[in-house]
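Commentary on secondary and tertiary structure
In case you want the letters, here they are:
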Amino acid sequence: MIFDILTLFPGMITAPLQESILGRAADQGLLQVRAHNLRDWAEGRHLTTDDTPYGGGDGMVMKPEPVARAIAALKKQSPDARVLLMSPQGQPFSQQHAHRLAAEPGLIFLCGRYEGFDERIRQSMVDEEFSIGDYVLTGGELPAMVMIDAIARYLPGVLGNASSAATDSFSDGLLEYPQYTRPAVFEGMEVPKVLLSGDHGKIAAWRRRQQLLRTLRRRPDLLDGARLTEEDLRVLAELRSQQTMSDD
Ligand code: 9D3
């Protein structure tokens with residue numbers, strides 16, 4: 001898949017996506033990330049991409065014409081690409097969005113740095129608008145990279161089987177269980193005995209219980225959407241009744 005990013009700061013983009021798993025995937029031709037400078041489509045002596053808001057007010061607004069020319073140019077190469085606007089007013093990006101967007105033939109991310117975009121950009125050029133969460137950043141570049149990272153994991157061949165996207169904890173909607181490796185005792189802290197028992201049935205039951213306990217304590221909101229068995233519900237009822245919050 002080709003990811004195109006429209007930004008005034010193309011230098012912010014590429015390096016982090018050339019490392020590690022995504023770097024290998026890009027080397028294998030499974031994905032391509034291209035950053036483009038919006039200024040390349042600006043006009044006039046100052047190559048203006050922003051202007052003051054009609055009606056007055058602070059800050060600057062991104063002009064529609066450079067964005068329209070940029071998107072038209074990119075769509076000549078990827079005619080079916082979806083255009084995504086990065087903005088604090090967008091829908092909160094989720095794992096489900098990542099999964100769905102991975103099936104698109106191409107994605108064009110539009111990143112701003114100003115107080116906002118001329119509303120006609122949304123009206124005529126944008127398919128969807130995304131935020132990555134309720135905190136204020138300096139621009140949409142890091143959000144675009146966050147989304148690319150989450151989406152790319154779903155592209156065929158990007159992940160090995162061991163870390164397959166389908167077996168993520170998020171796919172059953174629960175947080176992960178605690179993990180341990182050697183040594184068996186570290187600074188007086190022991191590994192739970194069940195994990196050294198060799199009893200795989202008991203280990204699986206303990207891990208599931210830990211997932212449920214962790215999710216109940218830290219992210220009870222996730223339990224509503226989780227895929228739970230009858231046994232899970234029984235364990236949950238038991239955990240809820242133990243208001244002491246002990247560690248098993
Ligand atoms: C004055 C109102 N501000 C909105 C909260 C203006 C504003 C602040 C920061 C407008 C844009 C930005 C830059 N942020 C993004 O472009 C952005 C973003 C974010 O700040 N948080 C989470 N997701 C995103 S996606 C794009």
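What counts and what doesn't
Residues numbered from 1 in each chain as written. Predicted model: local features only at pLDDT ≥ 70, side-chain atom pairs only at ≥ 80, totals over all residues. Heavy atoms only, no water. Pairing = 2+ DSSP bridges. Helix = DSSP H or I, 4+ residues; strand = E, 2+ residues; numbered from the N terminus. Axes fitted to C-alpha atoms, helices over the stretch in contact; angles between N-to-C directions. Contact = heavy atoms within 4.5 Å. Buried < 20%, exposed > 50% of the residue type's maximum accessible area, 1.4 Å probe, protein only. Polar contact = N/O pair within 3.5 Å; in protein donor to acceptor, adjacent residues only side chain to side chain.

1. Comments concerning the sheet that holds strand E7 (residues 116-117)
The strand order E3-E4-E7 describes an open sheet built from three strands, whose pairing is mixed. Of all the strands in the sheet, the pair left with one neighbour each is strand E3 (50-51) and E7. The pairing of E3 with strand E4 (residues 61-62) spans two bridges and is antiparallel. Along E4, the bridge assignment pairs Asp50 with Met62.

2. Some words on the sheet that holds strand E1 (residues 2-7)
Judged by pairing direction, the sheet is parallel, and its five strands sit side by side in the order E2-E1-E6-E5-E8 without closing on themselves. Bordering the open sheet on either side are strand E2 (32-37) and strand E8 (128-131), each of which pairs with just one other strand. Direction aside, the axes of adjacent strands within the sheet are offset by 30° on average. As paired strands, strand E5 (residues 82-92) and strand E6 (residues 106-110) are joined by four bridges and run parallel to one another. When the sheet's bridge partners are listed, Arg82 is paired in E6 with Leu107. Each of E1, E2, E5, E6 and E8 touches helix H6 (residues 141-152); the most contacted strand, E6, lies at about 160° to it.

3. A closer look at the environment of Ile108
On the secondary structure map, Ile108 appears in strand E6. Classification of Ile108 as buried rests on a relative accessible area of 0%. For the pair Ile108 and Ile13, spaced 95 residues apart in the sequence, the C-alpha separation amounts to 14 Å. Those residues in contact with Ile108, other than ones at most four positions away along the chain, are Asp4, Leu6, Leu74, Lys75, Ala81, Arg82, Val83 and Leu84.

4. Some points on the side chain of His36
Here His36 is to be found in strand E2. For His36, a relative accessible area of 16% puts it in the buried group. Polar side-chain contacts of His36 include one of 2.7 Å to the side chain of Asp4. Not counting chain neighbours up to four residues away, the residues in contact with His36 comprise Asp4, Ile5, Leu6, Thr7, Trp41 and Leu74.

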